[in-house]
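# Notes for the structure review
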2 protein chains.
Amino acid sequence: MREELRQDEYELLARLAQRYYVDERTQEELAAEFALSRPKVQRLLERARRSGVVAIHIQAPPWLRLELESQLRETFGLSDAIVCSAGADQEAEREAVAQRAARYLERHLHDGCVVAVSHGRTVGAVPRFFRPPSRLDVTFVSAMGGSPGVAAPTNPNEICRALAAGCGGEAVSLYAPAYVESGEIRDQLLAQEAISQSLDRAAQATVALVGIGGTDDGCTMVRSGCLTTDEIAWLRSQGAVGDVLGNYVDIEGRPVASPHQDRLVALTVDHLRRIGTVVAVVSEPEKPRAILGMLRAGVISVLVVDEDNARAVLDLAAGGPAMAGRAGGGSSASQREV
Amino acid sequence: MREELRQDEYELLARLAQRYYVDERTQEELAAEFALSRPKVQRLLERARRSGVVAIHIQAPPWLRLELESQLRETFGLSDAIVCSAGADQEAEREAVAQRAARYLERHLHDGCVVAVSHGRTVGAVPRFFRPPSRLDVTFVSAMGGSPGVAAPTNPNEICRALAAGCGGEAVSLYAPAYVESGEIRDQLLAQEAISQSLDRAAQATVALVGIGGTDDGCTMVRSGCLTTDEIAWLRSQGAVGDVLGNYVDIEGRPVASPHQDRLVALTVDHLRRIGTVVAVVSEPEKPRAILGMLRAGVISVLVVDEDNARAVLDLAAGGPAMAGRAGGGSSASQREV
DNA sequence: TGCGCAAGTGAGCATTTGCTCACCAGGTGA
DNA sequence: TCACCTGGTGAGCAAATGCTCACTTGCGCA
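Residues numbered from 1 in each chain as written. Chains lettered and ligands numbered in written order. Predicted model: local features only at pLDDT ≥ 70, side-chain atom pairs only at ≥ 80, totals over all residues. Heavy atoms only, no water.

## Describing the overall build of chain A
The number of helices and strands found in chain A is 14 helices and eleven strands. In terms of principal-axis extent, the alpha carbons of chain A reach across some 80 × 45 × 35 Å. Within chain A, the fraction of its 338 residues that count as buried is 55%. Carbon and sulfur atoms make up 48% of the accessible area of chain A, which totals about 14300 Å². If the 36 positive side-chain charges of chain A are averaged to one point and the 45 negative ones to another, these points end up 4 Å apart. (Helix = DSSP H or I, 4+ residues; strand = E, 2+ residues; numbered from the N terminus. Buried < 20%, exposed > 50% of the residue type's maximum accessible area, 1.4 Å probe, protein only. Areas by Shrake-Rupley, 256 points an atom, 1.4 Å probe, with all protein chains shown as cover. Lys, Arg positive; Asp, Glu negative; His and termini not counted. Charge placed at Lys NZ, Arg CZ, Asp CG, Glu CD.)

Written out as structure tokens, the structure reads:
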């Protein structure tokens, strides 16, 4: 809300702002020159900023989407958001998102970190770009079991191995399927020390790297054989919009309980809540609802996402329809406004 | 000098700037998030400002000339400069300059101040606008004698009286002519206690309000009868470009000695140098050389001037020809650049 | 006219930012 | 390979700005 200014006030704000920002005078100096108190000058300068008399523009590289990122951070309380500008095709967008996620990890991981890793095509693309400048003593742990129904680079164990290879770290595999026939079988598996140890290790991780799945018939949970198309249809009918590690939530971020849950060998949403930094990567199209649901669940700290999904999520969150079209590149100069 | 940035550096600067200026994060927070030291973040942000990645614009009222003012202050080491946007005619410009000067005085004078006042048409217009919100116990003293050859509102005594009337202060008149026939007569006048006391009072002033005169045949010193047209022509031939209180300087601000000097009843340039704040007001056209000379003399602290003269002075100071034409209004949004 | 409330104000302290300085790292030339 | 120079760096202190709080001022209402 821009506040209205009386003319003489407008003029005073402009003069003070000019002296402060352009002439680089201190508030104390301006206070003396304008016969005001220093706190008064501070307040007037703040007013100048709030009212738009002072406009701060960031002239960013055109491929950045800093405004979108700021909006995501602010709207969802994320500690970071990284939006990748639109790529040539689906594969290019996946690579861009994976590259950004790899860069994020390179910058934030340090010796001793433990990273829990989920399945997913975009997550699976991250190791391709993960090359820290120096060796990192980091442990990568599978956060869910494996699925023979999808390609190896999509499986957590393979992703962990590739990430560890990229930095000279260590991979801890979870030698179990992502999904079993019954809860009893799952309990028997978890009773095996090697498996429960791995999962405990993942649960104690400092960072998690996860994908966000949708609820369409072609989602990873269906492709990997964890769920049937009937089961995913049922989850949809219960309001489920997306999942992380097989944990489904509705559009408001509330968990959608389902009978398949106790057959999963994976970290739960409550586990994720206790991990310091949960990095979610998404590049497939038509996932704004899934992203929004997971963001509202409040377990994600960092979102690395393609531009279309980012815009659509913000639109959805603001109560509008998801924008399907491209919003056009243009400059990303941002403006300080309220 | 804009510095060149490597692409990854450019991107980092932009990201940091966005987080700092738009998201309003502290340098400490950013240091943690980007795995940098806090001083490093400070340096990068400064770099972002210097390089233009961060651009700060002041959206000023269109009638202000903040950029011009900043340039004047910086070029001439003024403690303040106030430029009045072009008026409808000569009279309107004089009123605008006088009004700004009155405003300046209202804000800067306080009880106990002593203001030494010169002659001049623009100076004479100031009392018309001088209306402080509350009574000011200020003394206004004539800094030079009077001249029957010019209208009463141009004479220092009358100006002092009017200013004092405007704020409930006191006027101290100098009952002497501005100019006498010989140095002996001047010495006799100064031997009179009332006159020397008044001049001493003026010399001890905290503020001076003066006009800047030119060296054309129609200048105030000629019109008032202080100088003949021959004398002013001679001063021109000696390089004189302008005066304050009858003290002439050349284009570099060096005093131009002349025989008429010891016949003046007025403060000298050395007196002015000892006054804390010397406010000069100019509104007549074609005075850039006079203004430049006086500014270079270094006795002026505050310049209140019309827009055309302001531009012309800066142009002259930069070594270019004085611009005679109007530069066109437009927005005065300023930009932080190096 | 008096009272109550909201907004404004400056003193003073807390926090953030700017800057100095000793040290380190990298590059260059002998 | 070594010495020297330049630029970068973080520790730590100085300076500037942000913010809390007690008090004041101005406005609206009875």
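There is more to say after this.
## Some points on the relation of the copies chain B and chain A
Its rotation angle being 179°, the transformation that places chain B on chain A also includes 0.0 Å of axial translation and leaves an RMSD of 0.2 Å. Both copies of the chain, as the preceding transformation shows, are related through a two-fold rotation axis. Among all C-alpha atoms of chain B, that of B:I56 lies closest to the rotation axis, at 2.3 Å. Looking at chain B, 98% of its interface residues are interface residues in chain A too, so the copies touch through the same face. (Least-squares fit on C-alpha atoms with pLDDT ≥ 70 in both. Contact = heavy atoms within 4.5 Å.)

## Here we look at the pairing of strand β7 (residues 240–244) of chain B
All names here are of chain B. Counting buried positions along β7 yields five of five residues, so the element is predominantly enclosed. Here β7 pairs with strand β8 (residues 247–250) via four bridges, running antiparallel. Each residue of the ladder has a partner; that of G242, found in β8, is V249. Between β7 and β8, which pair antiparallel one after the other, the connecting turn spans two residues, and L245 there sits at a positive phi close to 55°. (Pairing = 2+ DSSP bridges.)

## A look at the pattern of salt bridges
Inspection of the entire model under this criterion finds 52 salt bridges over all chains. Across the pair A:E252 and A:R296 runs a salt bridge whose closest N-O atoms are separated by 3.6 Å. Taken as a pair, A:E252 in the loop between β8 (247–250) and α12 (269–273) and A:R296 in helix α13 (residues 288–297) lie far apart in primary sequence, 44 residues in all. Where B:R94 meets B:E91, a salt bridge forms, and the shortest distance between an N and an O atom there is 2.9 Å. (Salt bridge = Lys/Arg side-chain N within 4 Å of Asp/Glu carboxyl O.)

## Regarding the protein's contact with DNA strand D
In the vicinity of DNA strand D, the contacting residues are A:Y20, A:T26, A:Q27, A:R38, A:Q42, A:R43, A:R49, B:S37, B:R38, B:K40 and B:R43. Looking at DNA strand D alone, sugar and phosphate atoms form 53% of those within 4 Å of the protein. The backbone of A:Q27 places a nitrogen or oxygen atom 2.8 Å from a phosphate oxygen of DNA strand D. Between A:Q42 and DNA strand D, the recorded distance is 3.2 Å, taken from a side-chain N or O atom to a phosphate oxygen. Secondary-structure elements contributing two or more residues to the surface near DNA strand D are α3 (38–51) of chain A together with α3 (38–51) of chain B. Among the elements that make up the surface near DNA strand D, the one with the highest residue count is α3(A) (four residues). (Near = heavy atom within 4 Å. Polar contact = N/O pair within 3.5 Å; in protein donor to acceptor, adjacent residues only side chain to side chain.)

## Looking at the interface of chain B and chain A
Every contact between the two is made by 43 residues of chain B and, on the other side, 42 residues of chain A. For the pair chain B and chain A, the two sides together bury roughly 3800 Å², of which 47% comes from carbon and sulfur. Per-residue buried area on chain B facing chain A is highest for B:E11, B:R15 and B:Q18; these three make up 15% of the total on that side. If you look at where chain B meets chain A, you find eleven salt bridges. Of the charged contacts, one joins A:R73 and B:D23 as a salt bridge, the two residues approaching to 2.7 Å between their closest N and O atoms. For the interface between chain B and chain A, the tally reads 29 residue pairs in polar contact (both at pLDDT 80 or more). Those elements that place two or more of their residues in the side of chain B that touches chain A are α1 (7–22), β1 (54–58), α4 (66–76), β2 (80–84) and α5 (90–108) of chain B. Among the elements that line the side of chain B that touches chain A, the one with the most residues is α1(B), at ten residues. Here the side of chain B that touches chain A is composed, by residue class, of 18 nonpolar, nine polar and 16 charged. Where strand β1 (residues 54–58) of chain A meets β1(B), five bridges bridge the pair, whose relative direction is antiparallel. (Buried area = accessible area lost by both parts, 1.4 Å probe. Nonpolar A, V, L, I, M, F, W, Y, C, P; charged D, E, K, R; others polar.)

## Concerning the sheet that holds strand β9 (residues 277–282) of chain B
All names here are of chain B. Ordered in space as β2-β10-β9-β6-β3-β4-β5, the seven strands form an open sheet in which the pairing is parallel. Two strands bound the open sheet, and with one partner strand each, they are β2 and β5 (170–172). Geometrically, the sheet is characterised by an average inter-axis angle of 15° between neighbouring strands, direction not taken into account. Examined bridge by bridge, β2 and strand β10 (residues 302–306) share five bridges and lie parallel to one another. Counterpart to I82 in the pairing with β10 is V304. Where helix α14 (residues 307–317) meets the sheet, its contacts fall on β2, β9 and β10, and the angle it forms with β10 comes to roughly 115°. (Axes fitted to C-alpha atoms, helices over the stretch in contact; angles between N-to-C directions.)

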